[in-house]
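One letter stands for each residue in the lines below.
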Amino acid sequence: MPIATPEVYNEMLDRAKAGKFAYPAINVTSSQTLHAALRGFAEAESDGIIQISTGGAEFLGGQHSKDMVTGAVALAEFAHIVAEKYGITVALHTDHCPKDKLDGYVRPLLDISAQRVQAGRNPLFQSHMWDGSAETLADNLSIAQELLAQASAAKIVLEVEITPTGGEEDGVSHEINDNLYTTVDDAIRTAEALGLGEKGRYLLAASFGNVHGVYKPGNVVLRPELLKELSEGVAAKFGKASPFDFVFHGGSGSSAEEIATALGNGVVKMNIDTDTQYAFTRPVAGHMFANYDGVLKVDGEVGSKKTYDPRTWGKLAEAGMAARVVEACGNLRSTGTRLK
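Residues numbered from 1 in each chain as written. Predicted model: local features only at pLDDT ≥ 70, side-chain atom pairs only at ≥ 80, totals over all residues. Heavy atoms only, no water.

Structural notes on the nonpolar core
Among the nonpolar cores identified, the biggest contains 81 residues, and Tyr105, Val160 and Phe244 are the most heavily contacted of them. With 8 residues, helix α4 (residues 68-82) is the single largest residue contributor to this core. The residues touching phenylalanine 244, leaving out its near neighbours within four places in the chain, are Lys17, Ala187, Ala191, Leu196, Tyr202, Leu204, Val234 and Gly266. Core analysis: the second largest hydrophobic core is formed by 17 residues, Val8, Ala16, Ala91 and Ala205 among them. (Core = buried A, V, L, I, M, F, W, Y, C linked by side-chain atoms within 4.5 Å. Buried < 20%, exposed > 50% of the residue type's maximum accessible area, 1.4 Å probe, protein only. Helix = DSSP H or I, 4+ residues; strand = E, 2+ residues; numbered from the N terminus. Contact = heavy atoms within 4.5 Å.)

A short note on the side chain of serine 133
Among the structural elements, serine 133 can be located in the loop between β4 (127-131) and α6 (137-153). Look at serine 133 and you get buried, because its relative accessible area is 7%.

Focus: the sheet that holds strand β5 (residues 157-161)
Strands sit in the order β1-β2-β3-β4-β5-β8-β9-β10 around a closed barrel of 8 strands; the barrel is parallel. Each strand of the sheet is rotated relative to its neighbour by a mean of 25°, with strand direction disregarded. Note that strand β9 (residues 245-248) and strand β10 (residues 267-272) share 3 bridges and pair parallel. Bridge pairing in β10 places phenylalanine 246 opposite valine 267. (Pairing = 2+ DSSP bridges. Axes fitted to C-alpha atoms, helices over the stretch in contact; angles between N-to-C directions.)

Some details on the packing of helix α7 (residues 184-194) against helix α8 (residues 226-238)
Where α7 meets α8, the axes come as close as 9 Å, and the angle between the chain directions of the two elements is 50°. Taken together, α7 and α8 sit at an angle that is classed as oblique. The interaxial crossing formed by α7 with α8 has right-handed handedness. Touching Val184, Ala187, Ile188, Ala191 and Glu192 of α7 are Glu229, Leu230, Gly233, Val234, Lys237 and Phe238, all from α8. (Parallel < 35°, antiparallel > 145°, perpendicular 65-115°, else oblique. Left-handed = near helix turned anticlockwise from the far one by under 90°.)

A closer look at the packing of aromatic side chains
Counted according to the given criterion, the structure contains 4 aromatic pairs. Considering the side-chain rings of phenylalanine 244 and phenylalanine 246, the 5.6 Å spacing of their centres and the 55° angle between planes classify their relative orientation as tilted. Each member of the pair, phenylalanine 244 as well as phenylalanine 246, is classed as buried. Each member of the aromatic cluster is reached from another via a ring pair, and the members are Tyr202, Phe244 and Phe246. The ring of phenylalanine 238 is capped by lysine 237, whose NZ or CZ atom sits 6.0 Å from the centre of that ring. (Phe/Tyr/Trp six-rings, centres within 6.5 Å; stacked < 30°, edge-to-face > 60°. Lys NZ or Arg CZ within 6 Å of the ring centre and 35° of its normal.)

Here is the structure:
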């Protein structure tokens with residue numbers, strides 16, 4: 001069962017929450033970065049989450065048509081085949097999707113999975129993200145209600161972002177300011193609109209100072225203890241302890257202490273993209289600098305096929321990214337927790 005069924009995905013999330021660990025959610029943009037993520041999970045003996053952003057899906061769709069749905073579906077189908085060789089279970093997820101891309105990305109993918117479920121099969125993706133952080137909370141939650149109903153019918157988990165994450169990702173950007181902190185009132189309004197499981201399962205990307213990308217120390221003030229305040233505020237009103245499955249966005253570059261606090265307060269998924277991008281690219285850059293007269297035909301020479309062969313530097317890239325995924329599993333305490 002290399003790709004989680006809906007039942008297994010729910011079990012994965014429940015186990016993470018109960019065990020106070022989280023799954024690294026690794027963004028991929030190619031078959032090679034997919035293999036790197038799978039390899040890292042396998043080496044760490046951890047299950048995990050593979051995700052594709054709108055920009056990643058557009059890239060996967062090819063530069064001729066740049067079709068996001070084609071790119072996402074193609075890689076998901078590829079993952080269903082190659083993941084069988086890795087001995088771990090992964091869930092497939094689509095990352096940040098703002099309002100203007102819903103019709104060209106998440107909604108068509110939901111339709112594809114709904115058709116699969118109606119035919120007695122499992123959904124193609126296990127979860128999708130709706131990023132309504134640029135909208136008013138009322139509009140955000142209104143759209144989330146519609147999407148949650150569709151996702152639940154297709155046995156899919158929805159991820160919602162109710163308040164902004166700072167920085168920029170795939171063209172969605174927010175300033176780094178005091179708006180990057182979700183309030184208890186925001187959380188209560190979310191529970192009122194989306195329920196606490198009875199309307200369908202959802203993951204909550206609450207903001208506690210998170211910022212996409214990597215910034216120098218002091219530029220970003222994370223307050224992962226805020227997640228406890230949100231949980232307690234909602235629990236007091238609705239009578240359900242630990243009501244949310246939290247997602248940690250903008251996690252690259254976070255300290256061990258910040259991650260540990262977030263895990264203790266209900267985070268079950270942490271997105272990692274910037275760090276794995278660098279881990280993939282850095283060995284390639286090193287290879288090119290060290291072998292410049294082989295990868296280039298300098299002064300009329302012929303170069304060296306062994307050094308410019310994409311397989312040569314591609315293997316280095318895969319190994320570098322896989323090692324960063326192993327590190328992430330250790331930081332998130334998912335090492336050795338794979339389903340048996």
